[in-house]
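Understanding the architecture of this molecule
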Amino acid sequence: NVNVKAASGSATPTGNVVLQASPATTIPVNAPLTLASGSASASLTNLPGGSYQMIAQYGGDGNFASSSSTPVSLTVTPEASSTALGYIYSAASSFPKGQVPFGGSVIVTAMPASLATKTTGVATGTVTFTDTVGPTTATAILDSNGIAAWKPQNLAIGAHSITATYSGDASYTTSTS
């Protein structure tokens, strides 16, 4: 939560205040906050993990000039993540769910997300897939939707236990499916 107050010794400033983060972020934090009785509040809920210097900039009004606050340090720590594992087998078959015919092509997918909300932000980084049969490992980079994919080659006949381990990033901790 951010609280801003524009003050003067003789009267109450009106207008807007804009918040700016340094280093800059792709998440907009600079939407104007309208002053009410010289104050404004906002909740920054989707700022990526990292350390920032936050500045409030007052735009001025007919009586008061524009001004900027001194920087305030803000650190957003990574939140816990959970990694969901799935697979895609596109050929039509009569095999039960969870079974792929020998020689069939399968794509294993993993998607890390916030453990708390499952909806905020998109994870970045890598996922390491491990198949206990073999054992086989492969590392894939998360795409712009926060999904990693692995297409294992020549799966051996039998049951496979595949896990996905997410590397973590500035906003999300590591997790394993």
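Residues numbered from 1 in each chain as written. Predicted model: local features only at pLDDT ≥ 70, side-chain atom pairs only at ≥ 80, totals over all residues. Heavy atoms only, no water.

Some remarks on the sheet that holds strand β8 (residues 81–88)
- What the three strands build is an open sheet, ordered β8-β9-β12; its pairing is antiparallel. The sheet is open, and its two borders are formed by β8 and β12 (148–150), each paired with just one other strand. Within the sheet, the average angular offset between the axes of one strand and its neighbour, ignoring direction, is 20°.
- Relative to strand β9 (residues 107–114), β8 runs antiparallel, the two sharing eight bridges. Bridging across to β9, Ser 82 finds its partner in Ala 113. (Pairing = 2+ DSSP bridges. Helix = DSSP H or I, 4+ residues; strand = E, 2+ residues; numbered from the N terminus. Axes fitted to C-alpha atoms, helices over the stretch in contact; angles between N-to-C directions.)

Remarks on unusual backbone geometry
- Residues Ser 22 and Pro 23 are joined by a peptide bond in cis, for which omega reads 5°.
- Inspection of the secondary structure puts Pro 23 in the loop between β2 (16–22) and β3 (33–34).
- The phi angle at Ser 37 is positive, at roughly 55°, despite the residue not being glycine.

Structural notes on the environment of Thr 77
- Looking at where Thr 77 falls in the secondary structure, it is placed in the loop between β7 (72–76) and β8.
- Expressed as a C-alpha distance, the spacing of Thr 77 and Gly 50, which sit 27 residues apart in the sequence, is 6.6 Å.

Here's the deal with the sheet that holds strand β14 (residues 175–176)
- Strand order in the open sheet formed by four strands is β11-β10-β13-β14, with antiparallel pairing between adjacent strands. Where the open sheet ends on each side, the last strands, each with one partner, are β11 (136–141) and β14.
- As judged from the six bridges shared by strand β10 (residues 126–131) and β11, these two strands associate in the antiparallel manner. Its bridge partner lying in β11, Phe 129 is registered against Ala 138.

A few points about the confidence of the model for the chain
- For the chain, per-residue confidence averages 85 on the pLDDT scale, and residues scoring 70 or more make up 90% of the total.
- Averaged over each element, pLDDT in the chain is lowest for strand β1 (residues 2–5) (86) and highest for β10 (96). (pLDDT = per-residue confidence, 0-100.)

Describing the side chain of Asp 131
- Relative to the helices and strands, Asp 131 is located in strand β10.
- The charged side chain of Asp 131 is buried without a salt bridge, its nearest counter-charge being Lys 151 at 15 Å.
- Engagement of the side chain of Asp 131 in a polar contact is seen with the side chain of His 160, the distance being 2.7 Å. (Buried < 20%, exposed > 50% of the residue type's maximum accessible area, 1.4 Å probe, protein only. Lys, Arg positive; Asp, Glu negative; His and termini not counted. Salt bridge = Lys/Arg side-chain N within 4 Å of Asp/Glu carboxyl O. Polar contact = N/O pair within 3.5 Å; in protein donor to acceptor, adjacent residues only side chain to side chain.)

A closer look at the nonpolar core
- Within the largest apolar cluster, 15 residues are counted, with the highest numbers of intra-cluster contacts made by Val 17, Leu 19, Leu 35 and Tyr 58.
- Secondary-structure elements contributing two or more residues to this core are β2, β4 (39–42) and β5 (50–58).
- The element that contributes the greatest number of residues to this core is β5, accounting for four residues.
- Residues in contact with Val 17, not counting those within four places in the same chain, are Val 4, Ala 31, Pro 32, Leu 33, Leu 35, Ala 56, Gln 57 and Tyr 58. (Core = buried A, V, L, I, M, F, W, Y, C linked by side-chain atoms within 4.5 Å. Contact = heavy atoms within 4.5 Å.)

So, the packing of aromatic side chains
- Inspection of the entire model under this criterion finds one aromatic pair.
- The interplanar angle of 25° and the centroid separation of 5.7 Å between the aromatic rings of Phe 129 and Trp 150 together place this pair among those described as stacked. Linking Phe 129 in strand β10 with Trp 150 in strand β12, this pair joins segments that are 21 residues apart in sequence. Each member of the pair Phe 129 and Trp 150 is classed as buried. (Phe/Tyr/Trp six-rings, centres within 6.5 Å; stacked < 30°, edge-to-face > 60°.)

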